[in-house]
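Structural description and commentary
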Amino acid sequence: MNYLQDFNWRYATKRMNGKPVPADQLNNILEATRLAPSSLGLQPFDVLVIQDPELRANLSPAIYNQPQVTEGSALLVFAAWKNVAPGQIDQYLENIASTRNIPLESLNDFRKMIEGSITTRTDEQVHQWAARQAYIALGYATAAASFEKVDSTPMEGFNAAAVNEVLGLDGKGLSAVAVLALGYRDEENDHLANAPKVRRPASSFFTVYKGS
Ligand SMILES: Cc1cc2nc3c(=O)[nH]c(=O)nc-3n(C[C@H](O)[C@H](O)[C@H](O)COP(=O)(O)O)c2cc1C
């Protein structure tokens, strides 16, 4: 049950103390992020790992100067694909074929299924679908950070157009949908550092159907 203790320990940290997250811990968090499940397995988003303090300072106004951006040690920007290009489907199928050592042609039906689910949606619907996949990975990253005893703040309080502009995402078919600051809590200056967790009671949150 240690993971429940970790989930109670973590909180959306408002102030961080600038201490660097060691590379092996950051890599574990990134690997957990990469291992998150996604619809069709397509992983239709990129994750930008921004350690560079200067770039984080440049991004800060686009993230409404939330202090964690510059007081943290790394910033993960989850950038969802704005659409899925045929080449991206090809790459995915080639990855499956080579990883599992199976003929590419054996994936023809799966290819049709993927193409069908993309072409029947508008670009905006595809982007929103991609964003939902990115959010699952955001959850994995947040959970993994707590296992590593690294503090984190998931954020959607930012101006996506401004973040895209600073990072040049538009030209890459990407748009920022969520951000995760990673670092260590500044207990003295963070008014929420020792605040009890607020959640809906289980009795109203869950509706349980036990069966007979
Ligand atoms: C998708 C998402 C976006 C959030 N955006 C922000 C944000 O921009 N700034 C911030 O300080 N906290 C942000 N939060 C943190 C939430 O306010 C916080 O998770 C919630 O109040 C529950 O508190 P806890 O995470 O500390 O337990 C965000 C959380 C999520 C999941």
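Now for a quick tour of the structure. (Residues numbered from 1 in each chain as written. Predicted model: local features only at pLDDT ≥ 70, side-chain atom pairs only at ≥ 80, totals over all residues. Heavy atoms only, no water.)

**Observations regarding the environment of A74**
Position of A74 relative to the elements: it lies in strand 2 (residues 74-81). Through-space distance from the C-alpha of A74 to that of E115 is 36 Å; in sequence the pair is 41 residues apart. Among all residues touching A74, those that are not within four sequence positions of it are L26, I50, Q51, R56, L180, A181 and L182. (Helix = DSSP H or I, 4+ residues; strand = E, 2+ residues; numbered from the N terminus. Contact = heavy atoms within 4.5 Å.)

**Quick word on the packing of aromatic side chains**
Taken as a whole, this structure holds four aromatic pairs when the rule is applied. Seen from their ring centres, Y3 and F7 are 6.2 Å apart, and the 75 degrees between their planes marks the pair as edge-to-face. Placement of the pair is Y3 and F7 together in helix 1 (residues 2-9), with a separation of four residues, close to one helical turn. On the accessibility criterion, Y3 (45% relative accessible area) is partly exposed. A centroid spacing of 4.9 Å and a plane angle of 85 degrees characterise the contact between F205 and F206, whose relative ring orientation is edge-to-face. Aromatic ring contacts, followed pair by pair, group Y3, F7 and F147 into a single cluster. Directly above the aromatic system of Y184 lies the positively charged group of K19, at a separation of 4.4 Å from the ring centroid. The positively charged end of R185 is found above the aromatic ring belonging to W9, 4.2 Å away from the centroid. (Phe/Tyr/Trp six-rings, centres within 6.5 Å; stacked < 30°, edge-to-face > 60°. Buried < 20%, exposed > 50% of the residue type's maximum accessible area, 1.4 Å probe, protein only. Lys NZ or Arg CZ within 6 Å of the ring centre and 35° of its normal.)

**A look at the packing of helix 1 against helix 7 (residues 123-147)**
The N-to-C vectors of helix 1 and helix 7 enclose an angle of 100 degrees; their axes lie 9 Å apart at closest approach. Classed by the angle they form, the pair helix 1 and helix 7 counts as roughly perpendicular. Here Y3, D6, F7 and W9 of helix 1 come into contact with helix 7, specifically with A143, S146 and F147. Looking at the contact of helix 1 with helix 7 residue by residue, the class counts come to five nonpolar, one polar and one charged. (Axes fitted to C-alpha atoms, helices over the stretch in contact; angles between N-to-C directions. Parallel < 35°, antiparallel > 145°, perpendicular 65-115°, else oblique. Nonpolar A, V, L, I, M, F, W, Y, C, P; charged D, E, K, R; others polar.)

**Re the site of the ligand**
In the vicinity of the ligand there are 14 residues, among which R10, A12, K14, Q66 and K197 approach most closely. Contacts to the ligand include G157, whose backbone N or O atom sits 3.0 Å from an oxygen atom. For the ligand, whose unbound accessible area comes to 620 Å², protein coverage reaches 65%. Per-class residue counts for the shell around the ligand are five nonpolar, four polar and five charged. (Near = heavy atom within 4 Å. Polar contact = N/O pair within 3.5 Å; in protein donor to acceptor, adjacent residues only side chain to side chain. Areas by Shrake-Rupley, 256 points an atom, 1.4 Å probe, with all protein chains shown as cover.)

**Side note on unusual backbone geometry**
Glycine aside, residues mostly have negative phi angles, and peptide bonds mostly take the trans form. The phi angle at Q43 is positive, at roughly 45 degrees, despite the residue not being glycine. In this structure, Q43 sits in the loop between helix 2 (23-34) and strand 1 (45-50). Since its relative accessible area comes to 34%, Q43 is described here as partly exposed. Of note in the backbone geometry, K149 takes a positive phi value of approximately 55 degrees without being a glycine. One can find K149 in the loop between helix 7 and strand 3 (151-155).

**Description of the sheet that holds strand 2**
Ordered by their spatial adjacency, four strands build an open sheet running 1-2-4-3, and the pairing between neighbours is antiparallel. Of all the strands in the sheet, the pair left with one neighbour each is strand 1 and strand 3. Here the average twist between neighbouring strands, direction ignored, is 20 degrees. In this sheet, strand 4 (residues 174-183) lies alongside strand 3 in antiparallel orientation, the contact comprising five bridges. (Pairing = 2+ DSSP bridges.)

**Some points on the side chain of R56**
Here R56 shows up in helix 3 (residues 53-59). Of the side chains with opposite charge, D52 lies nearest to the buried R56, which makes no salt bridge, at 6.9 Å. Within polar-contact distance, the side chain of R56 engages the backbone oxygen of G72 at 2.8 Å. With sequence-adjacent residues up to four places away left out, R56 is seen in contact with I50, Q51, V69, T70, G72, S73, A74 and L75. (Lys, Arg positive; Asp, Glu negative; His and termini not counted. Salt bridge = Lys/Arg side-chain N within 4 Å of Asp/Glu carboxyl O.)

So yeah, pure geometry; function would need other evidence.
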